[in-house]
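# Coordinate analysis (summary)
Single-letter residue listing:
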Amino acid sequence: MATSAALALPPAAPPARPRVLLVGTALAVAGTLMAFAGLIGVYLSQRHDALTQGGAWLPDGTNIPLTPGSIGMATMALSAVTIWWAVDAVGRNDRPSAYLALGLTIMFGLAVINSTTFLYTQMGLAVNTRTGLLVYTVTGAHLAMIVAGLVFAAVMTFRTLGGEYHGRDREGLVAAALFWYATIAVYAVIWYAIYITK
Amino acid sequence: MAVTETPPETVATVSATVTSSTPPQPSGLAAVLGSGDHKVIGRLYIATSLLLGALVVGLGEAFAIEGIAPKTLDIFGSDSVFQLFTLARVGTLFFLALPLTIGVALVVVPLQVGARSVAFPRAAAASYWGWLLGSGLLIASYAMNGGPFGGSSEGVNLWIAAMGLLVASVLVAAVALATTVIALRPAGLYLARVPLFAWSVLIAALMWILTLPVLFGLIVLMYVDHRHGAGTYIGAPTALYPSIQWIFRNPQVYVVAIPVLGFLGDVLHTVSGARMKLRSVAQAAIAAFGLLSFGAFLVAPSAAALDSYLVVGMGLLAIVPLLALAAACADVFRAGSFKLRAGVLYATAAFLILLLSVAAGAIGSIPDLLDAPTGGALGDNIFFLGVGHAAMLAAVIAGIGGIHWWATKIGRQPANEKLGLLAPLVLLLGAALTVIPDLVAGVTGDEFQRNADWTGGYAGTNGAVAAGIALVGLGVLIAVVSFLPLLKRGDDVPADPWDGLTLEWLTVSPPPLANFADDLPVVTSAEPLIDQREET
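Residues numbered from 1 in each chain as written. Chains lettered and ligands numbered in written order. Predicted model: local features only at pLDDT ≥ 70, side-chain atom pairs only at ≥ 80, totals over all residues.

## Re the overall build of chain B
This is how the line gets drawn: Labels follow the DSSP assignment, with helices taken as runs of H or I lasting at least four residues and strands as runs of E lasting at least two, numbered in each case from the N terminus. Whether two residues are in contact is decided by their C-beta atoms, placed from the backbone, lying within 7 Å.
From N to C terminus, chain B includes 19 helices and one strand. Long-range pairs, those at least 24 residues apart, make up 85% of the contacts in chain B between residues at least 6 apart in sequence.

## Topic: the overall build of chain A
Operational definition: Counts of 20 or more other C-beta atoms within 10 Å of a residue's own C-beta define buried residues, counts of 12 or fewer define exposed ones, and intermediate counts define partly exposed ones; C-beta atoms are placed from the backbone.
Secondary structure assignment for chain A yields five helices and one strand. In sequence order, chain A lays out its α and β elements as β-α-α-α-α-α. Each of the 198 residues in chain A was classed as buried or not, and the buried ones make up 39%. Here the contacts in chain A between residues at least 6 apart in sequence split such that 77% fall between residues at least 24 apart.

## Some words on helix H14 (residues 342-365) of chain B
The criterion, for reference: In a helix, the anticipated span is given by 1.5 Å times the number of residues less one.
Taking 1.5 Å per residue, 24 residues should reach 34 Å; H14 of chain B reaches 34 Å between its end C-alpha atoms and fits that length. Burial analysis of H14 of chain B places 19 of its 24 residues in the buried class, the great majority of the element.

## Here we look at unusual backbone geometry
Residues and elements named next belong to chain B. The omega torsion of the bond from asparagine 250 to proline 251 falls at 5°, within 30 degrees of zero and hence cis. Along the chain, proline 251 falls in the loop between helix H8 (237-244) and helix H9 (258-272). Residue proline 510 is bonded to the preceding serine 509 through a cis peptide linkage, with omega at -15°. We note that asparagine 145 has phi near 65°; this positive angle belongs to a residue other than glycine.

## Observations concerning the confidence of the model for chain B
The cut-off we apply is this: Across the chain, each position has a pLDDT score giving the predictor's confidence in that residue, from 0 to 100.
Chain-level pLDDT for chain B is 87 on average; 89% of the residues reach the 70-or-more range. Predicted complex metrics record ipTM = 0.89 and pTM = 0.91.

## Remarks on the environment of serine 127 of chain B
Residues and elements named next belong to chain B. Relative to the elements of secondary structure, serine 127 occurs in helix H5 (residues 121-143). Take serine 127: there are 26 C-beta atoms within 10 Å of it, and that puts it in the buried class. Sequence separation between serine 127 and serine 141 is 14 residues, and the spatial gap between their C-alpha atoms is 20 Å. Ignoring any residue separated from it by four or fewer positions in sequence, one finds serine 127 in contact with Ser169, Val172, Ala173 and Ala176.

## A few points about the confidence of the model for chain A
All names here are of chain A. Looking at chain A as a whole, its pLDDT mean stands at 88, while 89% of the residues score no less than 70. Taken element by element, the predicted model of chain A shows its lowest mean pLDDT in strand S1 (residues 7-8) (55) and its highest in helix H5 (residues 171-196) (95). For the stretch residues 1-6, pLDDT sits under 50, and the model shows one contact to residues farther than four places along the chain or on other chains.

## Description of the environment of proline 195 of chain B
Residue and element names in this part refer to chain B. Relative to the elements of secondary structure, proline 195 occurs in the loop between helix H6 (153-183) and helix H7 (196-228). Residue classification places proline 195 among the buried positions, given that 28 C-beta atoms sit within 10 Å. Taking C-alpha positions, proline 195 is 25 Å from alanine 390, a pair spaced 195 residues apart along the chain. Aside from chain neighbours lying at most four places away, what touches proline 195 is Gln112, Asp266 and Thr502.

## Description of helix H10 (residues 279-292) of chain B
Residues and elements named next belong to chain B. In this model, H10 (14 residues) spans 20 Å end to end at C-alpha, consistent with the 20 Å of a helix rising 1.5 Å per residue. Among all positions in H10, only Arg279, Ala282, Gln283, Ala285, Ile286, Phe289, Gly290 and Leu292 are buried. Buried residues along H10 sit against H7, H9, helix H12 (309-317) and helix H13 (319-335).

## Describing the packing of helix H3 (residues 38-68) of chain B against helix H4 (residues 81-112) of chain B
Residue and element names in this part refer to chain B. To keep things clear, this is the line we draw: Geometry is summarised by axes, namely lines fitted to C-alpha atoms with helices restricted to the contacting stretch, and by angles between N-to-C directions that run from 0 to 180 degrees. If an angle is under 35 degrees, it is roughly parallel; if it is over 145, roughly antiparallel; if it lies from 65 to 115, roughly perpendicular; otherwise it is oblique. Note: crossing handedness is left-handed where the near helix turns anticlockwise from the far helix by less than a right angle, and right-handed where it turns clockwise. Each residue gets one label: Ala, Val, Leu, Ile, Met, Phe, Trp, Tyr, Cys and Pro are nonpolar, Asp, Glu, Lys and Arg are charged, and the others, such as Gly, are polar.
At a minimum axis separation of 7 Å, H3 and H4 run at an interaxial angle of 155°. With respect to their mutual orientation, H3 and H4 come out roughly antiparallel. Handedness of the crossing formed by H3 with H4: left-handed. Its residues assigned to classes, the contact of H3 with H4 shows 21 nonpolar, nine polar and two charged.

## Description of the packing of H7 of chain B against H9 of chain B
Residues and elements named next belong to chain B. Where H7 contacts H9, the two axes come as close as 7 Å, and the packing angle between them is 175°. With respect to H9, the axis of H7 lies roughly antiparallel. Side by side, H7 and H9 meet where Leu196, Phe197, Trp199, Ser200, Val201, Ile203, Ala204 and Met207 of the first sit next to Ile258, Pro259, Leu261, Gly262, Phe263, Gly265, Asp266 and His269 of the second.

## A closer look at the nonpolar core
Residues and elements named next belong to chain B. For clarity, the threshold we go by: Think of a nonpolar core as buried Ala, Val, Leu, Ile, Met, Phe, Trp, Tyr and Cys residues chained together by C-beta atoms that fall within 7 Å.
The biggest cluster of nonpolar side chains holds 240 residues, and the ones touching the most others in it are Val260, Ala350, Ala394 and Ile397. Sorting elements by how many residues they give to this core places H7 first, with 24 residues. Those residues in contact with isoleucine 397 that sit more than four places away from it in its chain are Tyr346, Ala349, Ala350, Ile353, Pro424, Leu427 and Ala431.

## Some remarks on the environment of serine 509 of chain B
Residue and element names in this part refer to chain B. Within the element layout of this structure, serine 509 appears in the loop between helix H18 (459-482) and helix H19 (528-535). Separated by 337 residues in the primary sequence, serine 509 and valine 172 place their C-alpha atoms 28 Å from one another. Residues within four places of serine 509 in sequence aside, it is in contact with Thr408, Lys409, Val493, Pro494 and Ala495.

Right under this line is the structure:
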């Protein structure tokens, strides 16, 4: 290159806003997944021990019907679409769609809580049995996760639409969506490990 | 051809906004109770953990003294001996080792990574108050005849809830610390350039986040079983301690000691005054040690699980990162010079005790070397009591050393250097005397016995353990006395008493509310202060 002039690089791009909330949420999600991994691991281990010793895992007179759990799984899958829709709508500053998507997500979450509590009434499983203890603890903890995820998503949507984040900067809602996807993933494991395999 | 880079203007704009809009610092009680300043929260963690640590050390000393002559010295009643034993173990980890480490990290890590605050400052404050409340409730549960082996149902419930609060609080602090290192670094301070202490805290926090939730899940299970279920499975008072025992044995117990490695690396690097050529080796060693300390899979382990290839392999391999880090630290002195500082002694003492723990853990991992625990025992060979104590003591020594090393950032003046040279030697001797007799007793087949008297270890060697714990207490006392200058306001407190290399030494001592008065320069190496000296 035949030039002796000093070349200056163009100004660096403005630094991205530190994605503190997203990083913190990702870490919290990792911790939450580990908590469920431990609980479900204990459930499967106890179930395996009971079956290998020739006993039954479900006490006599109890049953875990598959229908409510499967409907819950389908509902959670739908909520994966609606939470993605909410994130996308906020990115386009499309308020009506964002509110609608958030409302649907909350409705789906409440529906899963409803189907799970209905399932509780159908199982006839007492908490003072080892099976009941583990089933209620794992699924109850997941209900708490659903509530936390819904509150997180609602707060972040309102804060985003209220102006704290704007347009493409939607870190808060992306963080809430990440937590919600983890909630769906945990439900999928519970659905298979508890509701299907019983 | 000259190439220049125009720094982003927005950095200056944002920083100027932050510094110019800094509100006045609150004073009095409001400055403590309502503060979200990471330095205040860290100081609270440090002071409270040292206070609660006195209880733990005193309890450990009482057990060792009873062990000298268990038949004649009846310090603990037969109905409380096992409860208080669990208090000593849980307390060592959750009252002393973990919160002391968190306290030092909360003060130092944001400064090291050039952050104006810790991430989620209100959550960090909540973690302290939650931890304090959990600690108080845990002690209250024992006072109510609760806890493991306790006779009061309400006391057992309270113990489980307090444990949950303690674990949750530690997790919140871990998220805040890890996020600070990941997301709040200034321009140019890539993860590969992060100071080794901050790097080790990141690794430790990640390991806490990946393992302690498993404990939290078990605690939820315990609570549901004991409070609402039959209380015959994991929530039974006799099942509580065995269910959490995995956090006190290797490899899991090593997670509390990961910052020891970063402290050693940082201190030796700083006193050498030279750039660390094997820095990537040091970082990889710390990360590898973190991975090898993952022990959550040992929840309710069986004897077969403990002899698995995974556990044996992890136990044997864990020593390699320590040796690699030692080599990387030694290499830095080829270019630099050695200066004896109290921080060097603290770091070396902590590292040696951790090395003892990991080497013993490696030996203990060899199948069939140690007797399997019998049904009547508390569930483990006394050998692993020594391994766990060594790891936790290493963390405590490093934590105290961290207070000394970063005294001008944590307190108002430097610590007393002469006493600081004495304290780590006393702590090293005390820790070795505390740990080695248990290791010897374990190798020769001794176990905990669930008798009315405390019979852990041999009566003869328990005299050495008692002397060791007394020396640990003395060492902590000497260190605390050496810290008294930290409480006094001083003039001309040096910003950088050690000719430091990293960003925390750039700010005044004690640091202001937003940590740095001016905008930080763009970081161009792992030793930004060497760069600065070379430029001037």
